[in-house]
Amino acid sequence: GLYNGLPLGIVLIINMGMIMNKVLLVLLALFWTSSAVAGEKEEQQIRSTMAELAPNLQIDSIRQSAVPGLYEVLFGTRVVYLTGDGKYLLQGSIMDTATREDLAEAAISSVRTKILNSLKEEDMVVFAPEETKHTVTVFTDIDCGYCRQMHAEMKDYNDLGIKIRYVSYPRAGVGSESFNKSETVWCAEDREEAMTIAKLGGSLKDVKAKENCDSPVRNQYMTGQALSIQGTPAPFLENGKRVGGYLSASDLMKQIQQQ
């Protein structure tokens, strides 16, 4: 499920008990009219519907989408769309055919940007080129195979002017072996050196630690949870867009140029 019982990739017809094609729903929505801002009546109905579907869900915002009659409902880094009467729910991408923009992704990216901006670069492990042209924030796991492959190609990213900022996301969770390795890396006097040792599968027992280290690993892990990260590496561009998992330097640059 998407979140607390919400389904993935389907349209729920709450009162009719049937499934409609997403495209058909969007076409029908073009004929519905509504004000640019969610009115009190529509907002109350949408909140009532969402309360029935997912009682524990905390809605962050409700606003009129670019499609007349369809309202954007944001909760965390997830988005669904409902009609003003609460009858129809759509989960998925909505494409602006003129600009080719994914409206759902744009809404989520703005939320991601705020979350990412809450992190301090001084708490990250940063590998920067001589001249930074682009910055990519990557949630990484010390023991993840594709994370290690990405790190092995760090020079390729830096050669293209891409600064890689590592944020810790030990997938096994707080207290796991990967979590403990991450704390050792983040509390090392030389984080970059310790990260490279860890990514190469080397021993961290001789890594010199800072005194009185206040590790940011737990907070970074919780931030990753808020961003709904499941797999690593998880790269995010400066506009908040997530660009898959492992990408070679050239493929990552293509994603950057398309943002």
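Note that the coordinates shown come from a computational prediction; the quantities given were computed from them, not determined experimentally.

The number of helices and strands found in the protein is 9 helices and 11 strands. In the protein, which comprises 259 residues, the proportion classed as buried is 46%. Relative to all contacts within the protein whose residues are 6 or more apart in sequence, the contacts with residues 24 or more apart total 65%. Carbon and sulfur atoms form 48% of the exposed surface of the protein, whose accessible area is close to 13500 Å².

Looking at the secondary structure, you find Ser65 in the loop between β2 (61-64) and β3 (70-75). Assessed through its relative accessible area of 12%, Ser65 is described here as buried. A distance of 3.1 Å separates a polar atom in the side chain of Ser65 from the backbone nitrogen of Val67. Only 2.6 Å separates the side chain of Ser65 from the backbone oxygen of Leu70, close enough to count as a polar contact. Contacts of Ser65, omitting those with residues within four sequence positions, involve Leu70, Tyr71, Glu72 and Tyr81.

Most of strand β9 (residues 134-140) is tucked away, with 6 of its 7 residues classed as buried. Pairing analysis gives 7 bridges linking β9 to strand β10 (residues 162-168), with the strands arranged parallel. Looking at β10, one finds that Val138 is bridged to Tyr166. Direction of pairing for β9 relative to strand β11 (residues 234-236): antiparallel, over a ladder of 3 bridges. Looking across to β11, one finds that Thr137 is bridged to Phe236.

With that settled, the discussion passes to helix α9 (residues 249-258). Within α9, burial applies to Ala249, Leu252, Met253 and Ile256. Buried residues of α9, seen end-on, are gathered within an arc of 100 degrees and therefore sit on one face of the element. Structurally, α9 contributes buried residues whose contacts are with β9, α5 (154-159) and β10.

Time to look at the sheet that holds β11. Taken in spatial order, the 4 strands make up an open sheet running β8-β10-β9-β11, and their pairing is mixed. In the strand order of this sheet, the two ends are held by β8 (125-127) and β11, each with one partner. This sheet shows a mean twist of 25 degrees between the axes of neighbouring strands, independent of strand direction. Of the strands in this sheet, β9 and β10 touch helix α8 (residues 217-226), which is tilted by about 100 degrees from β10. Along the sheet, α9 contacts β9 and β10; its crossing angle with β10, the most-contacted strand, is approximately 95 degrees.

How each quantity is defined
Along each chain, residues carry numbers from 1 onward, in the same order as the chain's sequence is written. Confidence filtering applies because this is a predicted model: local features only for residues at pLDDT of at least 70, side-chain atom pairs given and counted only at 80 or more, and all residues used for totals across whole chains, interfaces and linings. Computation of side-chain values: all heavy atoms of the structure, hydrogens and water removed. Secondary structure elements follow DSSP: runs of H or I of four or more residues count as helices, runs of E of two or more count as strands, with numbering from the N terminus. For every residue, the accessible area obtained with a 1.4 Å probe (protein chains only) is divided by the maximum for its type, and the residue is called buried under 20%, exposed over 50%, and partly exposed between those limits. When checking whether two residues touch, look at their non-hydrogen atoms; a contact exists if any pair is within 4.5 Å. Using the Shrake-Rupley algorithm and a 1.4 Å probe, accessible areas are obtained, with residue cover drawn only from the displayed protein chains. Polar contacts, as used here, are pairs of N or O atoms within 3.5 Å; protein pairs need one atom able to donate a hydrogen and one able to accept it. Residues neighboring in sequence count only if both atoms are side-chain atoms. Strand pairing requires that DSSP identify at least two bridges connecting the strands. What the arc describes is the spread of directions from the helix axis to the C-beta atoms. Orientation is described by lines fitted to C-alpha atoms, with helices fitted over the stretch in contact, and by angles between N-to-C directions that extend from 0 to 180 degrees.

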